[in-house]
Each structure stands twice: as C-alpha cells, then as structure tokens.
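Observations on the model geometry
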Amino acid sequence: MIELSGIRKAFNQGRENEFWALQGIDLKIPAQQVTVFYGPSGSGKTTLLTVVGCLARPTVGRVTLKGTDISGLPERFLTGIRRRTFGFIFQQFHLIRGLSALDNVMLPAYPIGGDWRVLRARAEALLDQLKLGHRRAARVEWLSGGEQQRVAIARALINDPEVVVADEPTANLDSALSKEFLGILETLAGQGRSILLTSHDPMVVESSVVQRVITLRDGRIVGDA
Amino acid sequence: MFFQPAIIALLFASAANVVVLVGVSPFAVAIVRHWDVHSGSERQLRLERRTYLMSALVTFVLGVQLVALLLFVFNADRMAAMFVGAMCAVGTLNVNAYGFPALIAQMAVFFAAATWLAVNHVDTQAPDYPLVRTKYVWLLVLAPLLIAAFALQWRYFLGLKADVITSCCSRLFSSQVRGLSGDLSAWPPLPAMIAFYASLGVATITAAFVAAKQRGGYALAIASLGAFVMALAGIIAFLSLYVYEQPHHHCPFCLLKAEYGYVGYWLYVPLFLATASGLAAGAVQRFATVPSLRAIVPATCGRLARVAAVGFAIVAIVATVIVLRSHLILIGHVSTGVTP
C-alpha cells in the first residue's frame, strides 16, 4: 500500500549544521498492518513517520501510496490526501485549548465539508466508543492525559482514514494508560485500518497487536521483524 | 515628465517583469534540461519544490502586465494635455518614435501573458506537473518580447519632452494618410460595419459553442483573433464616426476621453479580455490529450469561452447602442454618395 524507495531526508541542507535524518530507506508497508518504527532518540523514526504521512517531503526518493507518487505531489493535492487518508496522533496531542473535546474532534472535518449534524453525530459516536462521551463538552485543558489522548485518537479518526499514524503515543502515559491505548489500537486494527507507530517503549513493541517492528538507527533500517 | 506616478508604475511593473524573468531563467533552463517527474533524485525534488515559488512570481508579474496595458493607454490619453499639438493619446504616443512600438509591444505582452497564465493555471490543476517543461520553454521564448517591451517603454518615457510639438490624431487617422491607419480610415463604412458585426458574431457563436461543448479551442482562438482585428478596423472605419458624429474623425483613441463618456473603455476592455480568453482557450486546447488534463482542459476551455462570448457580445451591444444613439446618418449618406 505504501512504498518508500531510496528515501533520504536532510535538515539544514547546505549549512554548517546539515544533518541527514534518513539515509536511504527502502520499505514496503502493506495495508491493514500494525507497524512500529522502533529505535532510540535521533534514529530517524519520527522523521520517517512524517515523510510517510505527507507531513514532510523527502530530500531524495519517492513515497507511493497505492502506486501513486505522493512525495512529489503539489501541496494542494497533498493536503487532500493528508486529510482523507491519514489520521495523526501526535506525541504532545496538539489539542486546541479553549475548545471542547467535541469541537476538537470535529475540527479536521470542517475543510472537507458535509452536513454539520452528521459530523457532530459521528464525533459523538467516536467519543462514545472511546468511553469519553460524558466529557464531550469539557474543555480539553480540563481533561486528564489519558482523556486527552483519547480525544486525539477520536480526532484522528473523524475523517475515517485508512492509515492511522501515531508518534510516540505512549511516551506521556503510565503503564495502565499505555495498556488502554494498546487496547484501542487493537480495535482500530480490527476495523481494517493500517497503523503506523513510532515508539521506543518495549510495552508497545512487545505487544501482540503489533505485527511488524522496523528498527532504525542513525537513519537506516537495521532490523525488520 | 519622467516623474509621473503612472509612468513610474508602468516602468516599475515592466522592470519587475524583466528582473523576475532574468531571475527565473536559470531555473527555467534547469527545468527544460533536467525535469524528470519519474526520478526521485535530489535535483528533481528540489525543482518540484521551487516550481511553486517560480510559478507564483511569474504569475504575479504577468498578472500585473494585464493591468499595465490599461494604465499605459489611460496614461497616454491623460498626458495629452502636456504636449503642444496633442489632442489625445495619439499625440502623446507620437512625441517620439518609441510611443506606438511601446504600445504594440505592451499589447503583445498582454496577450502573451494571458495565454501563459492560462497554461499555468491548467498545469497547477493536475497532480503530476504535466506542463511544467512546456510553460518554462514558453517563458524563455517570451523573454525577448518582455525585455523588448521594457526597453521600448524605457526609451519612450525617457524621450518624452514637453517642448516637442507633436501631431494630433487627425494627421494619423485620415483617409488622406498613406499607410494602414489611412487605409482603415478610407474603408467605406458599410462593408466595415458588415465585417465588424460578422466577425464579432462568428467569434461570439464560436465561443458559445466552445462554452457549451467544451471543445473547439483552436477555432475560438482563430475567431477571436479575427474579431479583434476586424473590431479595431471597424472602430476606426465607422464606429468612431458615430461616436464623434463627424464623418472625418476616425481616431480610435479619442473614444477614451471624458467628453465621449469614456465609451472607448466599454469597447476595448471587453474586446481585449474576450480576445485574450479566446487565445488562451486555443493555447490550452493543445493539451487536451494529456492524460491528467483530460477533464481539466475542456472545463478551462469552457470557462474561457464563456468570458470570450460575453466580451464579444458586449462589444457588439455597445457598438450597436453607439450607432443607434448617434445623430450621424452615415450609411444613408454613403448610399447616396454624399460621404467622402
């Protein structure tokens, strides 16, 4: 489904502090699989995730989604693919303070359009599925860390993406909440979604939900199991 | 003389055009030489990223050129009061040898810019950059024209001297004068009127057809060009006479003056817009078979054709209103041989 060929990514290219975060990644990620990019800090796993999720463009190489090159797409088309194909769960959640949980969940669907009442019902259903229905009207800054993450998950799912991308999803969670997150992950995988995670948390990597672990070091793939 | 706001604006716009063009040229050459959308090389990806900025810059300066033509003509008319002997823009443009060449170059830039902008618009609608190389080759081909337009404007505006006694439009647009303007002034009104309405009619019908069927861009381009030429000829040959209500005053520039209700703008603005749209439709039609543009080109052609149809129709309607409201009975006099 997603194929990366010869991906290299540089930061501050041409400057004194030039840094190559990815140094030649060739990878095929089939659909409906839970894949984890595993590695220490600075190994390039988050950069790789952003390249796959169209949040960053590679410096060299191509990314294809179902055979279509998405790394070279003009920005206007890339935005559409990002909205409809990928759902993002960020490490710091990036929820909009001052808005309710429900409003945060509905936000990514506004640019796509559609009936507001249908959208609201979908957002409420997602919050209910994640056992957060009773907190829908609460401002996100009033929620606990675990609740905030569930809002972030609901927001990632609002456009019904084929691929859910999560960057270090358990980094800010204790063991109980991490276990809860893995349970949610299992549900998402059961719905036939592809899931891509970065993590250096052994609990995630060793989870039975995860089907594939790609180990990165210094911007290169050093293990694929 | 040089430090007129309009002159500074025009020169600034034209200079910006040249500066951007010179700046973009190495990029355009790199696109022509190295563009390969199937490659994932660092150079190709850099070209893809930079093409947004370059296209945006060129779009801006060429967009400004569309307005610059209007300002050029308006300024030429407004400055007539500063020159001895000048009654309208013709006098201003005749102050030195570069006036009319500068106007013609500005008109050429207007149409060239319109067609490039249309091709660029179509290209940006597709996800695979189908016309990148074409539009940058085109830009390199247009470079001499754009530079020449700036050079002519520079020489023209720099050569404007208030102590020059210039000639008024009656010396240029008269049946007694040899050359194109004289020939057009001597063209009998009736055949000129028939040619004027026939060409506008053909262009409007063709544009309406293209708008409805979303094909036939080439035919529209040819019809638009024909209508443009015949409309200008008709304005000189007969329409101006109806406006001025004088059988010998053929000037197409006096129409822009306040005493004639700025009627020239009602004729020229839709005429130029319609012609540019028609030519642009023809330019994009060429790419109708590009796989990623199969749906985009017909839709764009259709939109451009609608603009062309409305523009040509407005010209015809305005011309008809002028003829009907005029106190001059030109055709009747022609038939009895009274008109010179």
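Keep in mind it's a predicted model, so treat the numbers as computed, not measured.

The rules behind each value
Residues numbered from 1 in each chain as written. Chains lettered and ligands numbered in written order. Predicted model: local features only at pLDDT ≥ 70, side-chain atom pairs only at ≥ 80, totals over all residues. Helix = DSSP H or I, 4+ residues; strand = E, 2+ residues; numbered from the N terminus. Rg over C-alpha atoms; globule rule 2.2 N^0.38 Å. Buried ≥ 20, exposed ≤ 12 C-beta atoms within 10 Å, placed from the backbone. Contact = placed C-beta atoms within 7 Å. Nonpolar A, V, L, I, M, F, W, Y, C, P; charged D, E, K, R; others polar. Axes fitted to C-alpha atoms, helices over the stretch in contact; angles between N-to-C directions. Parallel < 35°, antiparallel > 145°, perpendicular 65-115°, else oblique. Left-handed = near helix turned anticlockwise from the far one by under 90°. Pairing = 2+ DSSP bridges. Core = buried A, V, L, I, M, F, W, Y, C linked by C-beta atoms within 7 Å. Domains from an automatic or database assignment. pLDDT = per-residue confidence, 0-100.

**Some remarks on the overall build of chain A**
Along chain A, the regular secondary structure elements total 7 helices and 10 strands. Computed over the C-alpha atoms, the radius of gyration of chain A is 17 Å, within 12% of the 17 Å expected from 2.2 N^0.38 for a compact globule of 225 residues. Overall, chain A is about 50 × 40 × 35 Å in size when its C-alpha atoms are taken along their principal axes. With 225 residues in all, chain A has 43% of them scored as buried. For chain A, contacts bridging at least 24 residues in sequence account for 70% of all contacts bridging at least 6.

**A word on the overall build of chain B**
When you go through chain B residue by residue, the secondary structure sums to 12 helices and 0 strands. Walking chain B from its N terminus toward its C terminus, one meets helices and strands in the order α-α-α-α-α-α-α-α-α-α-α-α. For 340 residues, the compact-globule formula gives about 20 Å, and the C-alpha radius of gyration of chain B, at 22 Å, lands near that figure. Across its three principal directions, the C-alpha atoms of chain B cover 75 × 50 × 30 Å. Contacts in chain B between residues far apart in sequence, at least 24 positions, make up 76% of those at least 6 positions apart.

**Looking at the interface of chain A and chain B**
Taken together, the 12 residues of chain A in the interface contact 9 residues of chain B. At the level of secondary structure, the elements contributing two or more residues to the side of chain A that touches chain B comprise β1 (2-11) and β4 (60-65) of chain A. With 3 residues, β4(A) is the largest single contributor of residues to the side of chain A that touches chain B. Of the residues contributing to the side of chain A that touches chain B, the split by class is 5 nonpolar, 5 polar and 2 charged.

**Brief notes about the packing of helix α10 (residues 263-285) of chain B against helix α11 (residues 296-325) of chain B**
Residues and elements named next belong to chain B. The interhelical angle for the contact between α10 and α11, taken along N-to-C directions, is 155°, at an axis separation of 8 Å. Here α11 runs roughly antiparallel to α10, going by the angle between their axes. Crossing handedness for the pair α10 and α11: left-handed. In the contact of α10 with α11, the residues fall into 22 nonpolar, 5 polar and no charged.

**Let's talk about the sheet that holds strand β5 (residues 68-69) of chain A**
All names here are of chain A. Taken in spatial order, the 4 strands make up an open sheet running β2-β1-β4-β5, and their pairing is antiparallel. The two strands at the open ends of the sheet, each matched to only one other strand, are β2 (19-29) and β5. Where β4 and β5 come together, 2 bridges link them in antiparallel fashion. Residue pairing for β5: L65 is matched across the bridge by T68.

**Comments concerning the sheet that holds strand β9 (residues 212-217) of chain A**
Residues and elements named next belong to chain A. Ordered by their spatial adjacency, 6 strands build an open sheet running β6-β7-β8-β3-β9-β10, and the pairing between neighbours is mixed. The open sheet has two edge strands, β6 (86-89) and β10 (220-224), and neither has a second partner. Strand-to-strand twist of the sheet, defined as the mean angle between neighbouring strand axes without regard to direction, takes the value 20°. For strand β7 (residues 163-167) and strand β8 (residues 194-199), the ladder comprises 5 bridges, and the chain directions are parallel. Bridging across to β8, A166 finds its partner in L197.

**Comments concerning the nonpolar core**
Membership of the largest hydrophobic core comes to 112 residues, with the highest contact counts inside it found for B:A281, B:V284, B:A305, B:A308 and B:F312. Broken down by element, this core gets its largest block of residues, 16 residues, from helix α9 (residues 217-244) of chain B. Each of domain 1 (1-167) and domain 2 (173-340) of chain B accounts for three or more of the residues forming this core. Apart from the residues lying within four places of it in its own chain, the contact partners of B:A281 are B:V210, B:G217, B:L220, B:A221, B:C301, B:L304, B:A305 and B:A308. With 57 residues, the next largest nonpolar core counts A:A156, A:V163, A:A166 and A:L216 among its residues.

**A few points about the confidence of the model for chain B**
Residues and elements named next belong to chain B. Across chain B, the average pLDDT comes to 89, with 96% of residues at or above 70. Mean pLDDT values over the elements of chain B span from 60, in helix α12 (residues 330-335), up to 96, in α10. In the model, residues 335-340 has pLDDT below 50 throughout and makes 6 contacts with residues more than four positions away in sequence or in other chains. Interface confidence in the predicted complex, given as ipTM, is 0.79; pTM for the same model is 0.84.

**Topic: the domain arrangement of chain B**
Residue and element names in this part refer to chain B. When the domains of chain B are assigned, the result is domain 1 (1-167) and domain 2 (173-340). Placing the centre of domain 1 and that of domain 2 at their C-alpha centroids yields a distance of 24 Å. If you look at the interface, domain 1 gives 19 residues, while domain 2 gives 19 residues. Secondary-structure elements contributing two or more residues to the side of domain 1 that touches domain 2 are α2 (42-78), α3 (89-93) and α4 (99-125).

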